[in-house]
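Each chain is listed here by its residues.
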Amino acid sequence: QVRLVESGGGLVQPGGSLRLSCKASGINFSIYTMGWYRQAPGKEREWVAAITSGGNTNYTDSAKGRFTISRDNARRTVSQQMNSLEPEDTAVYYCNVVARGRSNWGQGTQVTVSS
């Protein structure tokens, strides 16, 4: 079974930083594109960032210049460094991979940006 476990969320002030991590198991991690999504209160789930097996990255417009997605294939981990956080970044952040016939999600980690 595919398992994704997120960690690293928390409460930060505007302008602060957090680093999220997602540990994957049950897949040949290195061959898959990994992604981060988020869901804010009252909003639909939104794609945030992705990183391919080759290390190419892509971001939603609001994340560009502030967020950095990375991966460590040896540790089967995808991370997301989030700087200059804004209240609009408040959401539950989910790790995602399309593998073994379906889209797979972790339990999510809460990020709250508030003064």
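Use the structure listed above.
All of these numbers come straight from a predicted model, not from anything done at the bench. In this numbering scheme, every chain counts its residues from 1 along its sequence in written order. Local features in this predicted model are restricted to residues of pLDDT 70 or higher, and side-chain atom pairs are both shown and tallied only at a pLDDT of 80 or more, whereas totals for entire chains, interfaces and linings draw on every residue. The basis for every side-chain value is the complete set of non-hydrogen atoms in the structure, without hydrogens or water.

## A look at the packing of aromatic side chains
In this description, an aromatic ring pair is defined by two values, namely the gap between the centres and the angle between the planes. The following threshold applies: Any two of the Phe, Tyr and Trp rings considered here, Trp counted by its six-membered ring, make a pair once their centres fall within 6.5 Å; the pair's planes then place it as stacked at under 30 degrees, edge-to-face at over 60, or tilted in between. Strands are runs of DSSP state E lasting at least two residues, helices are runs of H or I lasting at least four, and both sets are numbered from the N terminus onward. Residue burial is assigned from relative accessible area. The probe radius is 1.4 Å, only protein chains are included, and a residue is buried under 20% of its type maximum, exposed over 50%, and partly exposed in between. In our convention, an over-ring charge means Lys NZ or Arg CZ found within 6 Å of a ring centre and within 35 degrees of that ring's normal.
Here the structure, examined in full by the defined rule, presents 2 aromatic pairs. Relative to Trp105, the ring of Tyr94 lies with its centre 6.5 Å away and its plane at 90 degrees, an arrangement referred to as edge-to-face. On the criterion of sequence distance, the pair formed by Tyr94 in strand 9 (residues 91-99) and Trp105 in strand 10 (residues 102-105) is long-range, its members being 11 residues apart. With a relative accessible area of 18%, Tyr94 lands in the buried category. On the basis of relative accessibility, which here comes to 27%, the residue Trp105 falls in the partly exposed class. It is Arg71 that lies over the ring of Phe29; its NZ or CZ is 4.6 Å from the centre.

## Brief notes about the environment of Met82
Put simply, the rule reads: Contacts are assigned to residue pairs with any non-hydrogen atoms lying within 4.5 Å of each other.
Its location among the elements puts Met82 in strand 8 (residues 77-82). Since its relative accessible area comes to 0%, Met82 is described here as buried. Distance in space between the C-alpha atoms of Met82 and Ile69 is 8.8 Å, their sequence separation being 13 residues. Excluding residues within four positions of it along the chain, Met82 makes contact with Gly16, Ser17, Leu18, Leu20, Arg66, Phe67, Tyr93 and Val111.

## A closer look at the sheet that holds strand 3 (residues 18-25)
The pairing of strands in a sheet comes from backbone hydrogen bonds and takes either a parallel or an antiparallel form. Definition in use: Two strands form a pair only when DSSP identifies at least two bridges running between them. Between the N-to-C directions of two axes lies an angle of 0 to 180 degrees, each axis being a line fitted to C-alpha atoms and, for a helix, fitted only over the stretch in contact.
Strand order in the open sheet made by the 4 strands is 1-3-8-7, with antiparallel pairing throughout. Looking at the sheet topology across the chains shown, the edges are occupied by strand 1 (3-7) and strand 7 (67-72). Between one strand axis and the next, the sheet turns through 15 degrees on average, direction left out of account. In this structure, strand 7 lies alongside strand 8, joined through 6 bridges in antiparallel fashion. Bridging from a neighbouring strand, Ser70 pairs with Ser79 of strand 8.

Functional significance is not addressed by these values, which are geometric in nature.
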